Amino acid sequence: MAKAKGKVRFNEDRCKGCELCTTACPVNIVIMDKKRINVKGYNPATVDEMEKCIGCGNCATICPDLVIEVERETK
Amino acid sequence: MAVVFKKTEGLTDKQFHYCPGCTHGIIHRLVGEVLEELEVVGKAIGVAPVGCSVLAYDYFNCDMHEAAHGRAPAVATGIKRILPDNVVFTYQGDGDLASIGTAEIIHAAHRAEKFTTIFVNNAIYGMTGGQMAPTTLIGQKSTTSQAGRDAATTGMPLRMSEMFATIDGAVFVERVSVHDVAHIRKAKKAIKKAFEVQLEGKGFGIVEVLSTCPTNWGIAPVESLTWLKENMIPYYPLGNFRTPEEGK
């Protein structure tokens, strides 16, 4: 069975760097970008290996600040 | 690719003022999503409390009314009685609902007022700077219980949902948590059910949501989720206490 493919988009300026999304990702691809700070002054959450995303929506479900939008491939 | 998760129509675009990792944001979103799914955003009227969520009227994309500290159920009673076809809810914290506003909420439930209450329990006063609340756990440190809450002088933490479960007018009572994704999904189901009970005119519904307060607990956001799971849930057991079938 082929794995579902997904994509997440971060509305980075809303992120407060709480890291809750990093605990919810089943494939552990959501990380905090320690090299950048956003307009609020936090290290924003991001994804480096987007090809591993399965579009489950867990990160968006636990995000308290409506940062994340999720897309999933439909068959 | 199809969008499977985006911001609900039930919330405005305004950014939350809550501290990083505060689960108020998750609970706001769940309420907004439920209003959208039930197609009642246009006829919903929320009543905001005093506490961290005092600015909730800026975030919900429906008519909102501010109430004095703890008095949201009294205001909601008036609104729902005058406008019975609208969907009315209060959004209250534990300092608001379980302390100064206990009389209002108990009697609103007792009168079976047909509105819905979202009760956010984070076991501390947030906005005022982390004072001890009725719901603060034994041994939990706060600015007014610096050695930890002591049962001998301050009693035991108040379990509100168990109290509502003894009131006939409260037809839907459930306690949920938002400390992980599975529980967030369950919490949404409970909130939806509570609003459906109102739409069916069956009586008062309340959902108690266990929430974190990383700032005033003095714990990082991710560890706060674990603290909630390990300390709050054993004292505040999750589950449904009342559904309309048994609550008449």
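Residues numbered from 1 in each chain as written. Chains lettered and ligands numbered in written order. Predicted model: local features only at pLDDT ≥ 70, side-chain atom pairs only at ≥ 80, totals over all residues. Heavy atoms only, no water.

1. Looking at the confidence of the model for chain A
What counts is decided by this rule: Each residue carries a pLDDT score, the predictor's confidence in it, ranging from 0 to 100. Helix and strand labels come from DSSP, where a helix needs a run of H or I of at least four residues and a strand needs a run of E of at least two; each type is numbered from the N terminus.
When the pLDDT values of chain A are averaged, the result is 94; 96% of them are 70 or greater. Looking across chain A, the model is least confident in strand 1 (residues 6-10) of chain A, with a mean pLDDT of 95, and most confident in helix 2 (residues 58-62) of chain A, with 97.

2. Some points on the pattern of salt bridges
Residue and element names in this part refer to chain B. Selection criterion: Each reported salt bridge corresponds to a side-chain nitrogen of Lys or Arg within 4 Å of a carboxyl oxygen of Asp or Glu. Residue exposure (1.4 Å probe, protein chains only): buried if accessible area is under 20% of the type maximum, exposed if over 50%, otherwise partly exposed.
All chains considered together, the criterion is met by 19 salt bridges over all chains. Between Lys188 and Glu37 there is a salt bridge, with its nearest N and O atoms 2.6 Å apart. One end of the pair, Lys188, is in helix 7 (residues 181-199); the other, Glu37, is in helix 1 (residues 24-37), with 151 residues separating them in the sequence. The class of Lys188 is buried, set by a relative accessible area of 19%. The exposure class of Glu37 is partly exposed, given its relative accessible area of 40%. Through salt bridges with shared partners, a single network forms among Arg29, Glu33, Glu37, Lys188 and Lys192.

3. Focus on the interface of chain B and chain A
Condition: Whether two residues are in contact is decided by their heavy atoms: any pair within 4.5 Å suffices. Note on definitions: buried area is the accessible-area loss of two parts on being combined, 1.4 Å probe, summed for both. Polar contact criterion, stated in full: a pair of N or O atoms within 3.5 Å, where within protein one must be able to donate a hydrogen and the other to accept it, and residues adjacent in sequence count only if both atoms are side-chain atoms. Any residue that is not Ala, Val, Leu, Ile, Met, Phe, Trp, Tyr, Cys, Pro, Asp, Glu, Lys or Arg is counted as polar, Gly included; the first ten are nonpolar and the last four charged. At least two bridges found by DSSP between two strands are what make those strands a pair.
Facing 29 residues of chain B, the contacting portion of chain A comprises 31 residues. For the pair chain B and chain A, the two sides together bury roughly 2,400 Å², of which 64% comes from carbon and sulfur. Three residues, Met1, Phe5 and Gln15 of chain B, lead the burial of chain B against chain A; their summed loss comes to 27% of the area buried on that side. Our enumeration of links across chain B and chain A arrives at zero salt bridges. The interface formed by chain B and chain A contains twelve residue pairs in polar contact (both at pLDDT 80 or more). Among the secondary structure elements, those contributing two or more residues to the side of chain B that touches chain A are strand 1 (2-5), helix 1, helix 7 and helix 9 (221-235) of chain B. In terms of residue count, the dominant contributor to the side of chain B that touches chain A is strand 1 of chain B (four residues). Partitioned by chemical class, the residues of the side of chain B that touches chain A number 17 nonpolar, five polar and seven charged. The pairing of strand 4 (residues 68-72) of chain A with strand 1 of chain B spans three bridges and is classified as antiparallel. Paired with Val70 of chain A across the bridge in strand 1 of chain B is Phe5 of chain B.

4. Concerning the sheet that holds strand 7 (residues 204-210) of chain B
Residues and elements named next belong to chain B. Note the cut-off: Lines are fitted to the C-alpha atoms to define the axes, a helix being fitted only along its stretch in contact, and any angle between axes, read from their N-to-C directions, falls within 0 to 180 degrees.
One open sheet accounts for seven strands, arranged 3-2-4-5-7-6-8; its pairing is mixed. The open sheet terminates on both sides in strands that have one partner only, identified here as strand 3 (63-66) and strand 8 (239-242). When the angles between neighbouring strand axes are averaged without regard to direction, this sheet yields 20 degrees. Sheet topology places strand 6 (residues 170-177) next to strand 7; seven bridges connect them, and they run parallel. Residue pairing for strand 7: Val176 is matched across the bridge by Val209. Relative to strand 4 (residues 87-93), helix 2 (residues 72-82) is tilted by about 175 degrees, and along the sheet it contacts strand 2 (44-48), strand 3 and strand 4.

5. A look at the sheet that holds strand 1 of chain B
Reading across the sheet, the three strands line up as 1(A)-4(A)-1(B) and stay open at both edges, with antiparallel pairing between neighbours. Only two strands of the sheet have a single neighbouring strand rather than two, namely strand 1 of chain A together with strand 1 of chain B. Between one strand axis and the next, the sheet turns by 35 degrees as a mean value, whatever way the strands run.

6. Points about unusual backbone geometry
Here Leu66 of chain A, not a glycine, exhibits a phi torsion of approximately 50 degrees, which is positive. With respect to the secondary-structure elements, Leu66 of chain A resides in the loop between helix 2 and strand 4. Under the relative-accessibility criterion, Leu66 of chain A is labelled buried at 11%. Its identity is not glycine, yet Glu39 of chain B carries a phi of approximately 55 degrees, on the positive side.

7. What about the environment of Thr116 of chain B?
All names here are of chain B. Structurally, Thr116 is set in strand 5 (residues 116-121). On a C-alpha basis, the gap between Thr116 and Gln198 in space is 6.6 Å, while along the polypeptide they are 82 residues apart. Residues in contact with Thr116, not counting those within four places in the same chain, are Val88, Phe89, Thr90, Ala194, Phe195, Gln198 and Gly205. One polar contact links Thr116 to Gln198, side chain to side chain, over a distance of 2.7 Å.

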